[in-house]
Amino acid sequence: MRIKIIIALILILSGCNQEVSQHPIVDSLEGIEKFPYDFKLPTYLPYDVKEVRVYDYIQVIEELPEKLADAKTNDFALSIGIGGNSEELVFIEMTPPLNNRNLNHQNLEQVALSGSREGFYSYDNNRQTLSLNDEGFNYNIIVFTHQEGKELYSQEELIKIANSLTLVNR
């Protein structure tokens, strides 16, 4: 009986002592140290991740608002590329939410995401995009294909990527 109590206490105490776990695909991101908002990156990709890096960070205004909700549509854009072997590369682009999304785009298709969320998928020439709003950001998951007219990943794969968006601890 005494051993069971000791084991239970050890389990309880070790659970209280846990550190916040790091995002599984991000060791460190350089170039956005001053980016003031928490953001998400996927934990699922259809390939083994070899590199995660900031491809573009554009800040249009001198100082971003303290709260993401106060940011305007064109205040910033952050694009992070997640690469694998050879030509495998997915971009995650983050911007403040679009106020008037153009839903009349010919190739735009509404898709269901987890948690009763919705996204919008499009394929145009050599670019696949899945867009969604999540916790104050407009996320665009972008894949450039190497052959015009041939999608690199299925919609289901892009939906899995979108459903796996997880907070990055920086």
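Just so we're clear, the structure is a prediction, and the values are computed from it rather than from any experiment.

**Here we look at helix H2 (residues 155–163)**
- Glu157, Leu158, Ile159, Ile161 and Ala162 are the residues of H2 that are buried.
- Looking at the buried positions of H2, the neighbouring elements they touch are strand E1 (40–42), strand E5 (109–112), strand E6 (118–124), strand E7 (127–134), strand E8 (137–144) and strand E9 (165–167).

**Notes on the confidence of the model for the protein**
- In this model, the protein carries an average pLDDT of 83, and 82% of its residues clear a pLDDT of 70 or more.
- Looking at the elements of the protein, mean pLDDT is at its lowest for helix H1 (residues 2–16), recorded as 44, and at its highest for H2, recorded as 96.
- In this model residues 4–20 is a low-confidence stretch, pLDDT under 50, and it forms one contact with partners more than four residues away in sequence or in other chains.

**Overview of the packing of aromatic side chains**
- Using the criterion set out here, one finds ten aromatic pairs in the structure.
- Taking the centre distance of 5.4 Å and the plane angle of 90 degrees together, the rings of Phe35 and Tyr57 count as edge-to-face. Within this pair, whereas Phe35 is found in the loop between H1 and E1, its partner Tyr57 is found in strand E2 (residues 51–59), the two being separated by 22 residues in sequence.
- Looking at Phe35, the relative accessible area reads 3%, which means it is buried.
- Residue Tyr57 is classed as partly exposed on the basis of its relative accessible area, which comes to 24%.
- Grouping aromatic residues by their ring pairs yields a cluster made of Phe35, Tyr37, Phe39, Tyr57, Phe76, Phe137 and Tyr139.
- When the ring centre of Tyr55 is taken as origin, the NZ or CZ atom of Arg53, which lies over that ring, is 4.0 Å away.

Thresholds, definitions, all that
Residues numbered from 1 in each chain as written. Predicted model: local features only at pLDDT ≥ 70, side-chain atom pairs only at ≥ 80, totals over all residues. Heavy atoms only, no water. Buried < 20%, exposed > 50% of the residue type's maximum accessible area, 1.4 Å probe, protein only. Helix = DSSP H or I, 4+ residues; strand = E, 2+ residues; numbered from the N terminus. Contact = heavy atoms within 4.5 Å. pLDDT = per-residue confidence, 0-100. Phe/Tyr/Trp six-rings, centres within 6.5 Å; stacked < 30°, edge-to-face > 60°. Lys NZ or Arg CZ within 6 Å of the ring centre and 35° of its normal.

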